[in-house]
Amino acid sequence: MSISTDARRPAEGPRPIDETLRFEILGPLRLWRDGVEVDVGPRQQGRLLALLLARAGRPVSATDLIELVWGEDAPASASNVIHKYVGALRRLMEPSLALRAPGSYLRRHGSGYLFMPPPGSLDLFRFRELVGAVRQRLAGGDRHGALDHYARALGLWRGPAGDTYAHGTTAMSIFAALDREFLDVCVPAAELALSLDRPTRVLRPLRLAAAMAPFHEPVQASLIATLGAAGHQAEALELFRTVRTRLAEELGIDPGEALQSAHRRVLAGTASPVGSDPTPADGGARRGARSWPVPLVRPAQLPPDLPAFVGRTAELATLAGLRAGVARAGGTAPLVVALDGMGGVGKSTLAAHFAHRVAEEFTDGQLYLDLRAEQPETDGLSPRDALGSLLSSQGFHMSSVPETLAARVGIYRSLTAGRKMLVLLDNALDAAQVRPLLPNSPACLVLVTSRRPLVDLAVRDGAHLLHLDPPDMPTARRLVQRRLDDAPNRSPVDDAPTPETLDEIIEMCGRLPLALAILAGRLSARPRLALQDVAAELRDGARRLTAFSGSPGVCDPRAAFAWSYRQLSPDAARLFRLSSAAMPAGISAEAFASMSLTPPTRTRGLVREITDAALLDEDDRGRLTSHVLVRAYAQELFLAEESVHDREAAVGRLLHHYLHSSYQAALRLVPTSPAAAPVPAPAGVVAERPDSYDAAMRWFDDHQEILFEAVRRAAEGDFGVPAWRLALTIWPWLQLAGRFHDWQDVMRVALRAASDSGDEVGAAHARWSLADSCYHFATYDEALDLLGRAREIFAERGMIAELGGVHSALQRIHSQLGRHERALAENERALSLHRAVGFEQGEIWASVARGRSLVRLGAPGEAMACLNEALAQSEKFGPGTDEAAIRVLIAECLALLGHQSQARDQLEKGLRAAGEAHSRIGVFEASTRLCATLLDLDDVPGACQAWRHACDAMHAMQNGGTRAMRDLVCDLGDRLTEVTEFGSRSADTQR
C-alpha cells in the first residue's frame, strides 16, 4: 500500500475542511471557491492544476512542469505559458489577488513551484490522512474505528485520478500511481470489513475499483467475497464468471488462487477474508498439489553490463525511486517498469545497467529473456515458448513442461510466488507478450524494453512507463569520447578535430547511442580516419545512413528502423515515406492528410500506427516530428519508392495546405484584408481553419517555424505556390507578435524569389510588406524606395486596394520624419482609394493616420474628432489592434489639451485592448505612453508598473524588440530613477 508522507501531516484523522477552497483530484478534476464550483480554465491550464494537485506538498521544477504538460516537444514559449497559467490559477483561487502577487497557496520554489492547499481542502490529502489513521486505530485494537476510517477514505474516490487530464506518458504514470493507492487500500479494507461482518461498508468503493481495474485479481476477488457476504450471492457468482471469461478471452489464463478462493467461499455460503482457504490442511499440503523443482543454481542470467556506460542520470534516479517507493509501500504486485523508445536509443543498455546495480537485492536470482520482437521476419517469441524457456531455466525438463499456455502460466506463477527475483524482458512486442511472464510476487522487479509504449501494461497491470529519448549533448559527447579513449589503436592525426567538428558529428547522428557507438567503433578500427572525413560523409543527408553500414553482424540504424517500418501497413508506410518531405519543425495530421490525399480521420489512425512503431513522435499539440536519422531513412525510401512526379506533387500539396491554412488564420486577425485570396487549392487539400482570433494567434505561434521553412521551400522550386503569397499571409501575425527580424527575413526571401521568376506583382507585394518592417527599424530611406517601386507596379496594373495600402504606409513614414503636410497628402490619397474599393477597415486606418498627423501638427481638437469617429467605426470589426492604437492617440490629444487624468484612462483601456489582441507592439506603445503620463501625474508607483509592462512586452518580442524601443525604455527608466532619487533626497531633507 503506497501512502505518501510528503505533506508531513499528522495521521490522527481528518481535519476540518476549509470551505473557502476545495479541490478534488480523486476522479474528475473539480474546484470550489466559497461553495461555488469554478471552471478551471483552458485544457492545458486544467492539466497544470491537476498535476500540481497530484504533486501537492512537493516542489515541482519548471522543467518538470513543462515536461508533464507538453512532453518532449514543448514550444519555445513554454516557460511563459506556465507562468501565465500559474498567474491565472492564483487568481482563480484568490480573485482579489493583485497582478503578479505570489498568492497564499501556489508559490515559487527555486526554479519551480510549490502548491500547498489550505488544510483539509484537498481530497487526496484527506484520503492519505484517513488511511494513515487506520494504522493507529489497528495498533490500538480499535478495528471498528479502523473500518470507519477505511470507508471514509475510499468514499472520497469518484473515478480514475485526474480523469481526462491524465494525458501523456509521464503524467499518466503519476495519476496511475494515485489509482494504485486506491486499489492497494481496497483489498485490506475488504478483509477487515469481512472479518467484522460489515461488508456493505466497502461495497460501493469496491465496485468502483473493480470497474477501474478489470484485470486486478485481488480487487475482483475482494468484490466477489464482499458481495457474497452481503447477501448478493447471485451477483457474486455472475461476477466470477465474467472475470473468468475476461481472463480467458483476453489474457489466455485461468483465475488465480485469490479469485478461486473467493468463488469457493460464495459457493459455500461464507465469506472469510480474501486469501484464506477453509480447505483442511493435509500434512501442510493441499490435496493434488505438486512439488515444484528448486533450481540447483541461483539463476544469474543478466547480460553483461556495458563497460563504457555513461549518462542516463535522471532515468537511473527514476528507476531507483520507483524501486525504493515500492519497497516502502509494501504492495501486493511486482514492480513492473516498461522502457520504450526508438530503435538504438539505449533501452536494453539502460535496463541491463540498472539491473546490475540492484541485482544483489534479489536473493532468488535474476532471469533474462530476449523476446526477439525486433528480429527480422518474426513476430517475436510467443508467450508459450517464452514461459517454456523461463521454466527450463528454473530446473524443469522440457519433457515435463505442459503444452498449454494456461498450464505454463500457472506453474510460473506458483514457482515465483513469494520469491524475490529480478526479471529482465528485452525487446517486447506488446503487452500481450509480456503479461503472462509477470511473476507472482510483490518482492519481484520486472524490467521490460520495447519500441512501443506499453500503455496496456500500465493500465491493466500497473506498469510504470519510462520513455527514453536520445541523451543530451554533454552526455553524447562523453559517450563518444569514452569509447575513443578506450580504443588502444587510436592515435592523434595531423588534422586533429575541433570540438565543433565532434559536436557537428554528434548532432548529425541525432545523439542516437547506437549510431555514436558504431562511429566510435569505425574510428577505433581505423586509427588514421579523421573526424573531419566522418563529418563530411554525414553532411550528405540522402546518404547519411551509409556511414553506419558495412559491418557484418552489426545492427545499424537502418536495420533498426527497417524492422519498425516492416510493421507498418501499406498506407502507413507510404505516409512515413512522405514524412521526409515535411518541414523539419514537424507536421500536423491535417497537413499529412493534405499531402497524402488521405481523409483526415483515416490519417489520424495511420499516424497512431507510425508513432506506435517509434518512427514519429507526437506532442500534445498533434505536431509530428522524427529523429534526424529516422528522417534520413524515410528520405531514402521516399526517393527510392516514389516517382519524381509523385514527390513534387506531394510537396506542392503540402505547400498549398500551409498557404490556405495560413490565409484562413490571417483572416481571423484582419477580417477585411485587401490582399487577394490565393488560387483554389488542389483537390484533396483541406485547409485548417482556426475558429476565433485567439485560435488564429495560437495557430501562428504553433506553426511559425514551419511557415518560415515553407516560404523558403516555395522559393526553391516550382510547386505552384509563390513564396510571396505564403509570406503575405504571415504578415499580420509577424507584426502583432513583434517578430520584426523574421518579418524582414521572410519578405526578403519572397522578394528574391519573385524577382528571379519575373513576377512583378509578387515583387511589389513583397516590397510593400518589407517596407512596413523597415518602418519599425527606422530605416526610412529603404522603406521609401521599396514603396515607390511597389506603387509604380500597382498603379500600372490598376490594383486600387494594394495602392491604397502603399499610400497608407507612405503616410506613416512621412509622419515619422516630421513631414506632416506630406503625410496628410498621402493620407488623402489612401482614403480615397480605400473608399473606391469599399475597404472599410482601410478607411479606419486612414482616419487613424490622419489623426496622428494632426496631433503632430498641433491640432488636437481636430484630431480628437477624427479619432473618435475611427474608434466608433472599429467596434464592428471585433478584436484587433485598432482600438489600442486609436486610444493611444486619443490620450496624446487629451494630454496636449491638459486633460492628463482622462489621458490615463484612455491609455489603460488601450493597454487592455492590446493585451486582448495579443499585440506585443500595442502593449509596448500603450505602456510606454502610460508610464510617461503617470509620471506627469506624480504617480510614481503606477509609472513603475507601466514601465515594467513595457519591458515585459519588449523582451517578449524577437531579439528584445528594436533599438528605438530599447532607447525609449531606457529614457523612461532614467526619468523614473531621477524622480525616485529626488523623492528620496526630499524626504531626507525634511527629516
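All values derive from a computational prediction rather than experimental measurement. (Residues numbered from 1 in each chain as written. Predicted model: local features only at pLDDT ≥ 70, side-chain atom pairs only at ≥ 80, totals over all residues. Heavy atoms only, no water.)

Draft legend 1. Up close: the pattern of salt bridges. Counting across every chain of the model gives 42 salt bridges. Of the charged contacts in the structure, one is a salt bridge between E24 and R22, with a shortest N-O distance of 3.4 Å. What makes E24 buried here is its relative accessible area of 11%. Among the salt bridges present, the one from R797 reaches E760, with a minimum N-O distance of 2.9 Å. Remark: E760 occurs in helix α30 (residues 760–776) and R797 occurs in the loop between α31 (780–796) and α32 (800–816); sequence separation between them is 37 residues. Note on R797: relative accessible area 41%, which makes it partly exposed. Look at the salt bridges and you will find they share partners, linking R435, D456, R460 and D461 into a network. (Salt bridge = Lys/Arg side-chain N within 4 Å of Asp/Glu carboxyl O. Buried < 20%, exposed > 50% of the residue type's maximum accessible area, 1.4 Å probe, protein only. Helix = DSSP H or I, 4+ residues; strand = E, 2+ residues; numbered from the N terminus.)

Draft legend 2. Molecular detail of a negative patch on the surface. On the surface, D967, D971, D974 and E978 cluster together into a negatively charged patch. With respect to the helices and strands, the residue D971 is situated in helix α40 (residues 963–990). Taking the relative accessible area as the measure of exposure, D971 reaches 47% and is therefore partly exposed. (Patch = residues over 30% accessible without salt bridge, like charges linked within 9 Å, V, L, I, M, F, W, Y side chains within 5 Å. Areas by Shrake-Rupley, 256 points an atom, 1.4 Å probe, with all protein chains shown as cover. Lys, Arg positive; Asp, Glu negative; His and termini not counted. Charge placed at Lys NZ, Arg CZ, Asp CG, Glu CD.)

Draft legend 3. Examining the packing of α32 against helix α33 (residues 820–836) more closely. It is the contact of α32 with α33, at a shortest axis distance of 8 Å, that shows an interaxial angle of 160°. What the angle tells us is that α32 and α33 run roughly antiparallel. Remark: the crossing between α32 and α33 carries left-handed chirality. Contacts between α32 and α33 involve I800, A801, L803, G804, G805, H807, S808, L810, Q811, H814 and S815 from the former and H820, R822, A823, E826, N827, R829, A830, L833, H834 and A836 from the latter. Taken together, the residues of the contact of α32 with α33 sort by class into 8 nonpolar, 10 polar and 3 charged. (Axes fitted to C-alpha atoms, helices over the stretch in contact; angles between N-to-C directions. Parallel < 35°, antiparallel > 145°, perpendicular 65-115°, else oblique. Left-handed = near helix turned anticlockwise from the far one by under 90°. Contact = heavy atoms within 4.5 Å. Nonpolar A, V, L, I, M, F, W, Y, C, P; charged D, E, K, R; others polar.)

Draft legend 4. Highlighting the nonpolar core. With 189 residues, the main nonpolar core has F548, F561, F576 and Y658 as its most contacted residues. Once you skip the residues sitting within four places of it in the chain, F548 turns out to touch C509, A515, I518, L519, L538, D556, P557 and L629. Ranked by size, the runner-up nonpolar core spans 119 residues in total, among them L178, L208, Y412 and L438. (Core = buried A, V, L, I, M, F, W, Y, C linked by side-chain atoms within 4.5 Å.)

Draft legend 5. Spatial organisation of the side chain of E94. One can find E94 in the loop between α3 (78–93) and β5 (106–109). Summary of buried charges: E94 has no salt-bridge partner, and the nearest side chain of opposite charge, R90, is 7.0 Å away. One polar contact links the side chain of E94 to the main-chain amide nitrogen of S104, over a distance of 2.8 Å. Not counting chain neighbours up to four residues away, the residues in contact with E94 comprise G103, S104 and Y105. (Polar contact = N/O pair within 3.5 Å; in protein donor to acceptor, adjacent residues only side chain to side chain.)

Draft legend 6. Summary view of the sheet that holds strand β10 (residues 445–450). Taken together, 5 strands build an open sheet; the order of strands is β8-β9-β10-β7-β11 and the sheet is parallel. Sheet topology places β8 (366–370) and β11 (464–467) at the edges, where each strand pairs with a single neighbour. Neighbour to neighbour, the strand axes of the sheet diverge by 15° on average, direction disregarded. With 6 bridges connecting them, strand β7 (residues 335–340) and β10 associate as parallel partners. When the sheet's bridge partners are listed, L339 is paired in β10 with T449. (Pairing = 2+ DSSP bridges.)

Draft legend 7. Geometry of the environment of S389. Tracing the chain through its elements places S389 in helix α13 (residues 383–393). Spatially, the C-alpha atom of S389 lies 9.9 Å from that of Y368, the residues being 21 residues apart in sequence.

Draft legend 8. Here's a closer look at unusual backbone geometry. Of note, D197 is a non-glycine position whose phi angle comes to about 60°, a positive value. By secondary structure assignment, the location of D197 is in the loop between α6 (169–195) and α7 (203–212). Of note in this structure, N427 is not a glycine but carries a positive phi near 60°. Note that N427 resides in strand β9 (residues 422–428). Exposure remark for N427: the relative accessible area of 14% places this residue in the buried category.

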